[in-house]
Amino acid sequence: MKNKILTVLCILFGLMMINSGLNKFFNYMPMPELSEEMMQIMGGFLTIKWIFPLVAITEIVGGFLIAIPKTRALGALIILPVMVGIFVHHLVHDLSGIGIAVILFAINIWAIVANWRKYEPIIKMH
């Protein structure tokens, strides 16, 4: 039963990441009104021309991989740096969005913990 719940959550998580990544390329979702501080942060991100495409590609690839049970372990690791960034951003700059960030981060951590045996050969010291 836990496996089925994780699968459903990972599919939804993956779809959210894919949607977020595609939106960075095609801008089809309206941008919420931003505070002055957020405008400065976004301006900084836009100055670094490669950051949004890199994050978008990471979200799309990681989203696809985490949604598929066979590739979930790899997808969970690929998407982890993006989730850390989202979580820390909301913790520091936009506390109103921390709820969804915590939920998504928890799903990502659960996927990593559930696939821990697949990571052991990488980190095991012989």
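Here's a quick rundown of the structure. (Residues numbered from 1 in each chain as written. Predicted model: local features only at pLDDT ≥ 70, side-chain atom pairs only at ≥ 80, totals over all residues. Heavy atoms only, no water.)

A few points about the overall build of the protein
Helix and strand counts for the protein stand at 6 helices and 0 strands. Judged by the C-alpha coordinates and their principal axes, the protein covers about 50 × 35 × 25 Å. Across the 126 residues in the protein, those meeting the buried criterion constitute 32%. Total accessible area on the protein stands at roughly 8500 Å², and carbon and sulfur atoms take up 74% of it. In the protein, 9 side chains carry a positive charge and 6 a negative one; their mean positions are 24 Å apart. (Helix = DSSP H or I, 4+ residues; strand = E, 2+ residues; numbered from the N terminus. Buried < 20%, exposed > 50% of the residue type's maximum accessible area, 1.4 Å probe, protein only. Areas by Shrake-Rupley, 256 points an atom, 1.4 Å probe, with all protein chains shown as cover. Lys, Arg positive; Asp, Glu negative; His and termini not counted. Charge placed at Lys NZ, Arg CZ, Asp CG, Glu CD.)

Some details on the layout of surface pockets
Computed from the structure, the largest pocket encloses a volume of approximately 1400 Å³. Residue lining of the largest pocket: 34 residues in total, with Ser 20, Lys 24, Met 42, Phe 52 and His 90 positioned closest to the centre. Looking at the lining of the largest pocket, the elements that each hand over two or more residues are helix 1 (2-26), helix 2 (36-47), helix 3 (51-67), helix 4 (72-92) and helix 5 (98-114). Each residue belonging to the lining of the largest pocket can be placed in one class, and the counts come to 21 nonpolar, 9 polar and 4 charged. (1 Å grid on protein atoms, 1.4 Å probe; cavity = no way out; pocket = protein on both sides within 12 Å on 5 of 7 lines; lining within 4 Å. Points joined across faces, edges and corners; volume = space filled by probe spheres on them. Nonpolar A, V, L, I, M, F, W, Y, C, P; charged D, E, K, R; others polar.)

A look at unusual backbone geometry
Trans peptide bonds make up the majority, and among non-glycine residues the majority have a negative phi. Unlike most non-glycine residues, Asn 27 shows phi in positive territory, near 45°. Summarising the element assignment, Asn 27 is placed in the loop between helix 1 and helix 2.

Regarding the packing of aromatic side chains
Tallied over the entire structure, the rule returns 3 aromatic pairs. Ring plane angle 10° and centroid distance 5.4 Å describe the contact between Phe 87 and Phe 105, whose orientation is recorded as stacked. Remark: Phe 105 occurs in helix 5 and Phe 87 occurs in helix 4; sequence separation between them is 18 residues. Arranged with centres 5.9 Å apart and planes meeting at 75°, the rings of Trp 116 and Tyr 119 form a pair that is edge-to-face. Linking Trp 116 with Tyr 119, this pair stays in helix 6 (residues 116-123), spanning 3 residues, or about one helical turn. Overall, the relative accessible area of 42% leaves Trp 116 in the partly exposed class. (Phe/Tyr/Trp six-rings, centres within 6.5 Å; stacked < 30°, edge-to-face > 60°.)

Regarding the side chain of Glu 59
Summarising the element assignment, Glu 59 is placed in helix 3. Judged by relative accessible area, Glu 59 falls into the buried class, the value being 2%. Within the local environment of Glu 59, its side chain forms a polar contact with the side chain of Ser 20, the two groups lying 3.2 Å apart. Contacts of Glu 59, omitting those with residues within four sequence positions, involve Met 17, Ile 18, Ser 20, Gly 21, Lys 24, Ile 79, Val 82 and Ile 86. (Polar contact = N/O pair within 3.5 Å; in protein donor to acceptor, adjacent residues only side chain to side chain. Contact = heavy atoms within 4.5 Å.)

Observations concerning helix 3
The terminal C-alpha atoms of helix 3 lie 24 Å apart, and with 17 residues this matches the ideal 24 Å at 1.5 Å per residue to within 8%. Those residues of helix 3 lying buried are Ile 51, Ala 56, Thr 58, Glu 59, Ile 60, Gly 62, Gly 63, Leu 65, Ile 66 and Ala 67. Buried residues in helix 3 make contact with helix 1, helix 2, helix 4 and helix 5. (Expected span 1.5 Å × (residues − 1).)

Some details on the packing of helix 3 against helix 4
The N-to-C vectors of helix 3 and helix 4 enclose an angle of 140°; their axes lie 7 Å apart at closest approach. By the angle class used here, helix 3 and helix 4 are oblique. Crossing of helix 3 against helix 4: the hand is left-handed. Residues Val 55, Thr 58, Glu 59, Val 61, Gly 62, Gly 63, Leu 65, Ile 66 and Ala 67 of helix 3 form the contact with helix 4, whose own contacting residues are Arg 72, Leu 74, Gly 75, Ala 76, Ile 78, Ile 79, Val 82 and Ile 86. Residue composition of the contact of helix 3 with helix 4, grouped by class: 11 nonpolar, 4 polar and 2 charged. (Axes fitted to C-alpha atoms, helices over the stretch in contact; angles between N-to-C directions. Parallel < 35°, antiparallel > 145°, perpendicular 65-115°, else oblique. Left-handed = near helix turned anticlockwise from the far one by under 90°.)

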